[in-house]
Amino acid sequence: MASAIENSPLHLPPLEEVARIIEEGLAKNFKVAKVEVIECPDLTQAPFGLVGRGLGGSPRLADVGGPPYLIPVVKKEKVYDIATVAKNIDLQDAFIVGAGAGPFPYVGTNSEMMANVLTGEKLCNGTRISKLSDCQAGHVVEQLPTAETGCALLANLFASKGEPGTVLHVKAQLRTGDQNFVSCMREALRDHYGKKPVGVGGTFLMAKGSAKCHVMPDFSTTPLNSDDEVANWLRFFEMPAPMVFLSTFVSHDPGLDLRVEHSHGFGSAHGGHYHYDTTPNSVEYEGYFNLAEYIYRIDRPQTTHNIGRD
Ligand SMILES: [Zn+2]
């Protein structure tokens, strides 16, 4: 499918400087906050178990489609393929992680996608989707088959060559403020760097506690015209640790109509879109993140709005 592709360089401060700024931000919202620059551990190992080893080598972000393709009314022609996205962002053999909507033509219904793919010659697909169970009372998580690298409507992805290299090692425990883990990091960067956009992607473990997450049901049969209507349509679940999240965030939108943060995660039998932890007195996060050199904007909606971006 031919779709418009724009790209823009991101501000790339030294990792040590970013570590200090994020640590200061987290310390205002968590009792324990520590950010160090280290060699990325092998992310294929427990507790992460991702398909790529590291977050290094031409790191970049891709913002694909957007909420206007879901809201107010679904545009079912908006289907994408992560393998094609890899080519679109000039990184054919990529390790791609992130959050988006699952491939409804394959899944048979709307779903949350936890992207975790090696594209190209070493194709390996650890992507999971989360959808409502047949009785609609709960939800189920499934891993997609290797060849199914599709997604739909919207996706926020971090891509690299999956190489080792230095990353931010972020630890935050015992929440004392009311910000979620990701917003806290993003807003610390926004407050420091202002209109210079800093883009970040990677993975984090919620090792203790639980999180409020949503799972999208099948497409709404009536238009969703406000955040309240979207919230009434979504299904919310309190999901227990341990959960592995795949995450992207950008400190400032340089005029590309971005979703500035998006994180999806999964546990042994649950998964969905991260809102915040519900257990300030016990929550523990540990994450590995890298800075992106570029943001690619793929198939940006012509008409846009701000509904459904929480
Ligand atoms: Zn989401």
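Residues numbered from 1 in each chain as written. Predicted model: local features only at pLDDT ≥ 70, side-chain atom pairs only at ≥ 80, totals over all residues. Heavy atoms only, no water.

K.L.:
What am I meant to see in the overall build of the protein chain here?
P.N.:
A count of helices and strands for the protein chain gives five helices and 19 strands. Taken over C-alpha atoms, the radius of gyration comes to 18 Å for the protein chain, in line with the 19 Å a tight globule of 310 residues would show. Projecting the C-alpha coordinates of the protein chain onto the three principal axes gives extents of approximately 45 × 40 × 35 Å. Burial statistics for the protein chain: of 310 residues in total, 57% are counted as buried. Considering only contacts in the protein chain between residues 6 or more positions apart, those separated by 24 or more positions represent 78%. Surface exposure of the protein chain reaches about 12400 Å², of which carbon and sulfur atoms provide 48%. Mean positive and mean negative side-chain charge positions of the protein chain (27 and 36 charges, respectively) differ by 1 Å. (Helix = DSSP H or I, 4+ residues; strand = E, 2+ residues; numbered from the N terminus. Rg over C-alpha atoms; globule rule 2.2 N^0.38 Å. Buried < 20%, exposed > 50% of the residue type's maximum accessible area, 1.4 Å probe, protein only. Contact = heavy atoms within 4.5 Å. Areas by Shrake-Rupley, 256 points an atom, 1.4 Å probe, with all protein chains shown as cover. Lys, Arg positive; Asp, Glu negative; His and termini not counted. Charge placed at Lys NZ, Arg CZ, Asp CG, Glu CD.)

K.L.:
Quick question: what am I supposed to make of the sheet that holds strand β11 (residues 166–175) here?
P.N.:
Sheet strands pair via backbone hydrogen bonds, and the direction of the pair is either parallel or antiparallel. With antiparallel pairing, the nine strands of this open sheet are ordered in space as β2-β11-β18-β12-β15-β16-β17-β13-β14. What marks the edges here is a single partner per strand, and that holds for β2 (30–39) and β14 (235–240). Strand-to-strand, the axes of this sheet are offset by a mean angle of 30 degrees, without reference to chain direction. Where strand β16 (residues 261–266) lies against strand β17 (residues 271–277), three bridges are found, and the strand directions are antiparallel. When the bridges of β17 are listed, Phe 266 appears paired with Gly 271. Strand contacts of helix α1 (residues 15–27): β2, β11 and β18 (284–292), with the helix running at about 170 degrees to β2, the strand carrying the most contacts. Sheet strands in contact with helix α4 (residues 181–193) are β2, β11, β12 (199–208), β15 (243–250), β16, β17 and β18, and its direction is about 25 degrees off that of β15. (Pairing = 2+ DSSP bridges. Axes fitted to C-alpha atoms, helices over the stretch in contact; angles between N-to-C directions.)

K.L.:
Sorry if this is basic, but what is going on with the pattern of salt bridges here?
P.N.:
Pairing is possible between side chains of opposite charge, provided their charged atoms come close. In total, this model carries 13 salt bridges according to the counting rule given. Glu 24 is the salt-bridge partner of Arg 20, the closest N and O atoms lying 3.6 Å from each other. Of this pair, Arg 20 and Glu 24 both sit in helix α1, four residues apart, roughly one helical turn. We note a salt bridge from Arg 186 to Glu 261, for which the minimum N-O separation is 2.6 Å. One end of the pair, Arg 186, is in helix α4; the other, Glu 261, is in strand β16, with 75 residues separating them in the sequence. No difference in accessibility class separates Arg 186 from Glu 261, as the two residues are buried. (Salt bridge = Lys/Arg side-chain N within 4 Å of Asp/Glu carboxyl O.)

K.L.:
Honestly, the pairing of β18 in this entry has me stumped. Any pointers?
P.N.:
On a regular strand, one side chain projects to one face of the sheet and the next to the other, so that they alternate. Counting buried residues in β18 gives seven out of nine residues, a clear majority hidden from the surface. Where β11 and β18 come together, six bridges link them in antiparallel fashion. Residue His 169 lies in a different strand from β18, and its bridge partner there is Tyr 288. Pairing geometry for β12 and β18, over nine bridges, is antiparallel. Bridging from a neighbouring strand, Met 206 pairs with Tyr 285 of β18.

K.L.:
It is not clear to me how the coordination of the zinc ion should be interpreted in this structure. Could you clarify?
P.N.:
Metal coordination angles have textbook ideals: 109.5 degrees for a tetrahedral set of four donors and 90 or 180 degrees for an octahedral set of six. Each protein donor to the zinc ion is listed here as His 262 (NE2), His 264 (NE2) and His 273 (ND1); together their distances run 2.0 to 2.1 Å. For the zinc ion, the single-chain donor residues occur in sequence as H-x1-H-x8-H. Placement of His 262 in strand β16 and of His 273 in strand β17 is noted, with a sequence separation of 11 residues between them. In this pair, the class of His 262 matches that of His 273, namely buried. (Donors = N, O, S within 2.8 Å, 3.2 Å for Na, K, Ca; no water.)

K.L.:
What should I look at first to understand α4 in this one?
P.N.:
Since the α-helix turns once every 3.6 residues, residues separated by three or four places project in the same direction. In this model, α4 (13 residues) spans 19 Å end to end at C-alpha, consistent with the 18 Å of a helix rising 1.5 Å per residue. Of all the residues in α4, the buried ones are Phe 181, Val 182, Ser 183, Cys 184, Met 185, Arg 186, Ala 188, Leu 189 and Tyr 193. Put simply, Asn 180 is the residue that caps the front of α4, since its side-chain oxygen is 2.9 Å from the backbone nitrogen of Val 182. Taken from the residues just after α4, Gly 194 is the one with a positive phi, measuring 60 degrees. (Expected span 1.5 Å × (residues − 1). Polar contact = N/O pair within 3.5 Å; in protein donor to acceptor, adjacent residues only side chain to side chain.)

K.L.:
Help me out: how do you make sense of the packing of α1 against α4 in this one?
P.N.:
Where α1 meets α4, the axes come as close as 8 Å, and the angle between the chain directions of the two elements is 120 degrees. It follows from the interaxial angle that α1 and α4 lie oblique. Crossing of α1 over α4 shows right-handed handedness. Only Phe 181, Cys 184, Met 185, Ala 188, Leu 189, His 192 and Tyr 193 of α4 make contact with α1, whose side of the interface consists of Glu 17, Val 18, Ile 21, Ile 22, Gly 25 and Leu 26. Considered class by class, the residues forming the contact of α1 with α4 number 10 nonpolar, two polar and one charged. (Parallel < 35°, antiparallel > 145°, perpendicular 65-115°, else oblique. Left-handed = near helix turned anticlockwise from the far one by under 90°. Nonpolar A, V, L, I, M, F, W, Y, C, P; charged D, E, K, R; others polar.)

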